[in-house]
There are 2 protein chains.
Amino acid sequence: MLQEQKEILAMNRFDPEQSSALAPDVYRHVARRKASFGASSVLFYAQPIEMVRARGAYMFDAHGRRYLDLYNNVASVGHSHPLVVEAVSRQLDILNTHTRYLNEGIEAYAEELLNTFPDPLANLIMTCTGSEANDLALRIAQRKTNAKGVIVTRAAYHGNTAAVAEISPAGLRNRLPADHVKVIDAPDSRLAIHGDAALHFEQSVSTAIRELNSSGVGFCALIVDSIFSSDGIFSDPAGFLQIAVQKVQQANGLFIADEVQPGFGRTGDAMWGFMRHGVIPDIVTLGKPMGNGFPMGGVVSRPELIQNFCEETGYFNTFAGSPVAAAAGSAVLKVLKEEGLIANAATVGAYLKKGLMTLKQRYPSVGDIRGTGLFIGLDLIDPKNASPDPNFAGRIINALKENGILIGAAGRFGHTLKIRPPLCFSKEDADVFLEALDMTLALHLR
Amino acid sequence: MLQEQKEILAMNRFDPEQSSALAPDVYRHVARRKASFGASSVLFYAQPIEMVRARGAYMFDAHGRRYLDLYNNVASVGHSHPLVVEAVSRQLDILNTHTRYLNEGIEAYAEELLNTFPDPLANLIMTCTGSEANDLALRIAQRKTNAKGVIVTRAAYHGNTAAVAEISPAGLRNRLPADHVKVIDAPDSRLAIHGDAALHFEQSVSTAIRELNSSGVGFCALIVDSIFSSDGIFSDPAGFLQIAVQKVQQANGLFIADEVQPGFGRTGDAMWGFMRHGVIPDIVTLGKPMGNGFPMGGVVSRPELIQNFCEETGYFNTFAGSPVAAAAGSAVLKVLKEEGLIANAATVGAYLKKGLMTLKQRYPSVGDIRGTGLFIGLDLIDPKNASPDPNFAGRIINALKENGILIGAAGRFGHTLKIRPPLCFSKEDADVFLEALDMTLALHLR
């Protein structure tokens, strides 16, 4: 597993040891980045891009080159959406303060957002990031269950705080997970006995629960991103989470749905990823697309869980739930509705997937294609034995960038193209991408 | 200690059980807040304020009432400062994306910010909040020292993530600190043998280091906010941290300066609180005032510490270091400089402190007055025996609000008025406050 993880990390990045191959203007820029950010600096691509502007599904670099964005899911309703920009700018000029005063904006936003959740999930705590949301969710769950053990999938990523990094095997590099973390397979039907992902997943979860209980750590929660983004995108059949979630709740554990990736309509089926599976989580965490780039996240849960947590400790987050965050969040909900972006994700996503299936027939290096709405994973493989080919994925990603397409990779082996454009992505945009991918695959035979 | 903490928490808050005493419009608002945010909802004041607008050092409620703000240090260069609003609004419309692309704005901001730090502190990692910054600082320090033990002051607050909540005794309520956390007295000269705060603090630190080492936990770091904000504001004599920090570094531990409170010029003496003490931290954390309300924080450290951390794990923060955060941060640095706000903090702070000293002579319930620049603590005491009087502080805070003044409390016993206005606070504003405090103390005799 450790070797796999390294490959994922290496594949899509700029390698500082290759600086001599950079164009002079990029070289100077990279040197400045390195001087200020040191070893923490991570840049995309063999030749990093200096980005200067973005609008809708497109980004523009310092040379005026245009890129179709199939990577960045934060600007979910489109880069610099005018309605969101205007709402945030207006509110910044009026009032930007914390939640210890009453403010109509924050009350209205909370009501609007909570209206999109099933009944028992009636309370919201705002945070600034998805990492803070998952960190808080763990605290709530550990307090409720009086246990520490958490079950996560093999290449899961849930954020960057100390507590959340522990439950993110994708970021552990040379370390094994801590004792309170049980790592199980993603619900990949190819790994499953008789190809039944639901059953295989439920059995993995049950075994992990037993192990946590018998080791004395105790079982606290199962946390998953219901589209299994960093595991390589496993979306179907919708409903496959049901029997595992049932088992979790029967074992007095909590099911935490990390909606940072599938949430806010990306799957095209529903506002929230968990809804596709017909399950009701105990805790839901929100992040990236929530403010279209304004830093905000949140935890949604049942009132009794929030109450139980607050009896032990308080929670205050200075910037979270400001009138400006509320303005950003409300504008995002409005655009999603007015522009019919969930339906667009379904329609354009289906069109795109069909186009990718056609390419699969022509290129033996294209393996499995999975996903729903505007979140599709496409495996790149060695046709000889169908084994994952992350190096080939890396070459394709860099070549697509030269052809004006921004895209990333995911998955346990890092060989899955992660197709995840803003939700305003159109059929015409899909055609641009399909043509570019076709051309790139034709030129870069394995 | 537990009882003390409860008092701090209770003093300044709206008590939900007193809802029947609310005005009808406030009652409806509070009910909506409670319905959405549940037990996590915390509001200021016996009659919470519906805030609608703010500018400079003033905030305005839904009834058009004006409040002079001596509480909110986030809008540090003034509420809705036009230059910051404009910079953020402009950038939102152009590009709001992550740090994996190059962007002139983020390179320039990092250079500008790092220029304000002494030489070895040459690398920056951006986060979205001060909590994330402290969480990351702990991870960096624990990786470097291969030890877990952290020393904090008795009423310290360093944030809200799982890891950082553990080192925030102010938030623990009914719990004792974990085994890896050593809690020591704030550098209060009144607690010190011979009144020498420096020596007393150094001795407490040394004892804690010995205990951590002998218990097998190991010594990792001393973390302090160098103005000891939540401990009750201990600023003088400048330099008192030196011998303790020396001891920490001799013991192979790290000194982490949490600049969320004293940073960005508030002390009037320097850009950073640690500079007043003539010490060089190993790690500095930044938060609240950094973007004047735009959610941003950061960690500044020596390149080798960042490198050591990044060898074990990566750190990526989706929203942090966006071109919009850079625009906000740059605008704040520009305003600080162009409006001479650090010098203003020194001048107006000294004027204000002198005025408060005059009140102390007239009101025996005014005890010790401490602080520097625009961060002053004023103890409210029982004149009979000079004991802390948090209930009186609570009455004064609520009464000042009725007189158009926003102010909070701090300190181990919650009896310290925390005087911490935006840095654009003028002598005229100081006069308004002094007059209101005079009147309030005259009307509310103990």
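Residues numbered from 1 in each chain as written. Chains lettered and ligands numbered in written order. Predicted model: local features only at pLDDT ≥ 70, side-chain atom pairs only at ≥ 80, totals over all residues. Heavy atoms only, no water.

Asker: I keep staring at the overall build of chain A and nothing clicks. Help me out?
Answerer: Looking only at helices and strands, chain A features 14 helices and 16 strands. In terms of overall size, chain A behaves like a compact globule, its C-alpha atoms giving a radius of gyration of 22 Å where 446 residues would be expected to give roughly 22 Å. Taking the principal axes of its C-alpha atoms as reference, chain A extends roughly 60 × 60 × 45 Å. A total of 446 residues make up chain A; the buried ones form 64% of that total. At a minimum sequence separation of 6, the contacts of chain A that also span at least 24 residues come to 73%. For chain A, the accessible surface area stands at approximately 15,100 Å², while carbon and sulfur atoms represent 52% of it. Each charge class in chain A was averaged separately, 42 positive and 46 negative side chains, and the resulting centres sit 4 Å apart. (Helix = DSSP H or I, 4+ residues; strand = E, 2+ residues; numbered from the N terminus. Rg over C-alpha atoms; globule rule 2.2 N^0.38 Å. Buried < 20%, exposed > 50% of the residue type's maximum accessible area, 1.4 Å probe, protein only. Contact = heavy atoms within 4.5 Å. Areas by Shrake-Rupley, 256 points an atom, 1.4 Å probe, with all protein chains shown as cover. Lys, Arg positive; Asp, Glu negative; His and termini not counted. Charge placed at Lys NZ, Arg CZ, Asp CG, Glu CD.)

Asker: Sorry if this is basic, but what is going on with the domain arrangement of chain A here?
Answerer: Many descriptions give the size of an interface as the accessible area lost when the pieces come together. Residue and element names in this part refer to chain A. Its domain assignment divides chain A into domain 1 (2–77 + 340–443) and domain 2 (82–338). Tallying the contact residues gives 36 residues for domain 1 and 40 residues for domain 2. Summing the contributions of domain 1 and of domain 2, the shared interface buries around 2,900 Å²; its carbon and sulfur component is 56%. Summed over the three residues of domain 1 that lose the most area to domain 2, namely Val77, Ile342 and Phe375, the buried surface amounts to 21% of that side. (Domains from an automatic or database assignment. Buried area = accessible area lost by both parts, 1.4 Å probe.)

Asker: Hey, could you run me through the sheet that holds strand β4 (residues 123–127) of chain B in this one?
Answerer: Picture the strands of a sheet paired through backbone hydrogen bonds; they go either parallel or antiparallel. Residue and element names in this part refer to chain B. Spatially, the 7 strands line up as an open sheet ordered β4-β10-β9-β8-β7-β5-β6, and their pairing is mixed. Edge positions in the sheet fall to β4 and β6 (181–184), since each of these pairs with one other strand and no more. Taking the axes of each pair of neighbouring strands and ignoring which way they run, one obtains an average angle of 20° across the sheet. Bridge analysis of strand β8 (residues 254–258) against strand β9 (residues 283–286) gives 3 bridges, and the strand direction is parallel. The residue bridging alanine 257 from the neighbouring strand is valine 284, located in β9. Across the sheet, helix α5 (residues 130–145) is in contact with β4, β5 (149–153), β7 (219–224), β8, β9 and β10 (297–301); its angle to β9 comes to roughly 165°. (Pairing = 2+ DSSP bridges. Axes fitted to C-alpha atoms, helices over the stretch in contact; angles between N-to-C directions.)

Asker: Help me understand the pattern of salt bridges in this model?
Answerer: Two side chains with opposite charge may pair up if their charged atoms get near one another. In the structure shown here, the tally under the stated rule is 42 salt bridges over all chains. Salt-bridge contacts for glutamate 111 of chain B lead to arginine 32 of chain A; the nearest nitrogen and oxygen are separated by 2.7 Å. Remark: arginine 32 of chain A occurs in helix α2 (residues 24–37) and glutamate 111 of chain B occurs in helix α4 (residues 104–114); the pair is interchain, linking two chains. Put simply, aspartate 382 of chain A and lysine 384 of chain A hold a salt bridge, and the shortest N to O gap is 3.6 Å. (Salt bridge = Lys/Arg side-chain N within 4 Å of Asp/Glu carboxyl O.)

Asker: Is there a simple way to think about α2 of chain A in this case?
Answerer: Side chains three or four residues apart in an α-helix point the same way, a direct result of the helix having 3.6 residues per turn. The first and last C-alpha atoms of α2 of chain A sit 20 Å apart over 14 residues, in line with the 20 Å expected at 1.5 Å per residue. Listing the buried residues of α2 of chain A in full gives Val26, His29, Val30, Arg33, Ser36 and Phe37 of chain A. One face of α2 of chain A carries all of its buried residues, which in axial projection span an arc of 130°. For α2 of chain A, the exposed residues lying more than 90 degrees away from the buried face are Pro24, Arg28 and Ala35 of chain A. In this structure, the buried side of α2 of chain A is in contact with α4, β4 and α10 (303–312) of chain B. Positive phi shows up at glycine 38 of chain A, right after α2 of chain A, with a value of about 55°. (Expected span 1.5 Å × (residues − 1). Arc of directions from axis to C-beta.)

Asker: Before we go on, may I ask you to explain the interface of chain B and chain A in this structure?
Answerer: With 93 residues of chain B in contact, the opposing surface of chain A contributes 93 residues. Together chain B and chain A conceal approximately 8,000 Å² of surface at their shared face, both sides included; 52% is due to carbon and sulfur atoms. Sorting the residues of chain B by area buried against chain A places Tyr101, Leu102 and Phe319 of chain B first, and these three jointly supply 11% of that buried surface. At the surface where chain B touches chain A, the tally comes to 8 salt bridges. Arginine 33 of chain A is the partner of glutamate 107 of chain B in a salt bridge, and the nearest nitrogen-oxygen pair spans 2.9 Å. In this assembly, chain B and chain A are joined by 49 residue pairs in polar contact (both at pLDDT 80 or more). Within the residue set of the side of chain B that touches chain A, elements represented by two or more residues are α2 (24–37), β1 (51–55), α3 (82–94), α4, β4, α5, α6 (162–166) and α10 of chain B. Sorting elements by how many residues they give to the side of chain B that touches chain A places α2 of chain B first, with 9 residues. Each residue belonging to the side of chain B that touches chain A can be placed in one class, and the counts come to 47 nonpolar, 27 polar and 19 charged. (Polar contact = N/O pair within 3.5 Å; in protein donor to acceptor, adjacent residues only side chain to side chain. Nonpolar A, V, L, I, M, F, W, Y, C, P; charged D, E, K, R; others polar.)

Asker: Looking at this model, I keep getting lost on the side chain of aspartate 231 of chain B. Mind explaining?
Answerer: Residue and element names in this part refer to chain B. Along the chain, aspartate 231 turns up in the loop between β7 and α8 (242–250). Buried charge aspartate 231 goes without a salt bridge, the closest partner of opposite sign being arginine 154 at 6.9 Å. In this structure the side chain of aspartate 231 is engaged in a polar contact, spanning 2.5 Å, whose partner is the side chain of threonine 153. Aside from chain neighbours lying at most four places away, what touches aspartate 231 is Thr153, Arg154, Ala155, Ala156, Ala186, Gly411 and Arg412.

Asker: Just checking my understanding: could you explain the nonpolar core for this structure?
Answerer: As a rule of thumb, soluble globular proteins bury nonpolar side chains together. Core analysis: the biggest nonpolar cluster contains 218 residues, and Leu356 and Phe433 of chain A together with Leu356 and Phe433 of chain B have the highest contact counts within it. Those residues in contact with leucine 356 of chain A that sit more than four places away from it in its chain are Ile369, Ile376, Leu378, Ile419, Phe433, Leu434 and Leu437 of chain A. If you look at the next biggest cluster of nonpolar residues, it comprises 27 residues, including Ala147, Ile167, Leu254 and Val299 of chain B. (Core = buried A, V, L, I, M, F, W, Y, C linked by side-chain atoms within 4.5 Å.)

Asker: Would you mind showing me how to read the sheet that holds strand β3 (residues 66–69) of chain B here?
Answerer: Pairing within the open sheet is mixed, and its 4 strands lie in the order β1-β2-β3-β14 (chain B). Edge positions in the sheet fall to β1 and β14 (405–406) of chain B, since each has one partner strand and no second.

Asker: Sorry if this is basic, but what is going on with the packing of aromatic side chains here?
Answerer: Each aromatic ring pair is described using two quantities: the centre-to-centre distance and the angle formed by the ring planes. By the definition in use, this model includes 17 aromatic pairs over all chains. On the numbers, 5.9 Å between centres and 70° between planes, the contact of tyrosine 101 of chain A with phenylalanine 44 of chain B is edge-to-face. Of the two residues, tyrosine 101 of chain A is situated in the loop between α3 (82–94) and α4 (104–114) and phenylalanine 44 of chain B in the loop between α2 and β1; the pairing between them involves two chains. Each ring, one from phenylalanine 117 of chain B and one from tryptophan 272 of chain B, has its centre 4.6 Å from the other, and the planes form 20°; the classification is stacked. Residue phenylalanine 117 of chain B is located in the loop between α4 and β4, and its partner tryptophan 272 of chain B is located in the loop between β8 and α9 (273–276); the two are separated by 155 residues in the primary sequence. Aromatic ring contacts, followed pair by pair, group Phe44, Tyr45 and Tyr71 of chain A together with Tyr101 of chain B into a single cluster. Its end group placed over the ring of phenylalanine 60 of chain B, arginine 53 of chain B keeps NZ or CZ at 4.2 Å from the ring centre. (Phe/Tyr/Trp six-rings, centres within 6.5 Å; stacked < 30°, edge-to-face > 60°. Lys NZ or Arg CZ within 6 Å of the ring centre and 35° of its normal.)

Asker: Just to check I follow, could you spell out the packing of α3 of chain A against helix α11 (residues 323–338) of chain A for this structure?
Answerer: Angle between the axes and distance between the axes are the two parameters that describe a pair of packed helices. Residues and elements named next belong to chain A. Direction vectors running N to C along α3 and α11 enclose 160°, while the axes themselves pass 8 Å from each other. Considered as vectors, α3 and α11 are oriented roughly antiparallel to each other. The handedness of the crossing between α3 and α11 is right-handed. Two secondary-structure elements touch here, α3 through Leu83, Val84, Ala87, Val88, Gln91 and Leu92 and α11 through Pro323, Val324, Ala327, Ala328, Ala331, Val332, Lys334, Val335 and Glu338. Taken together, the residues that form the contact of α3 with α11 break down as 12 nonpolar, 1 polar and 2 charged. (Parallel < 35°, antiparallel > 145°, perpendicular 65-115°, else oblique. Left-handed = near helix turned anticlockwise from the far one by under 90°.)

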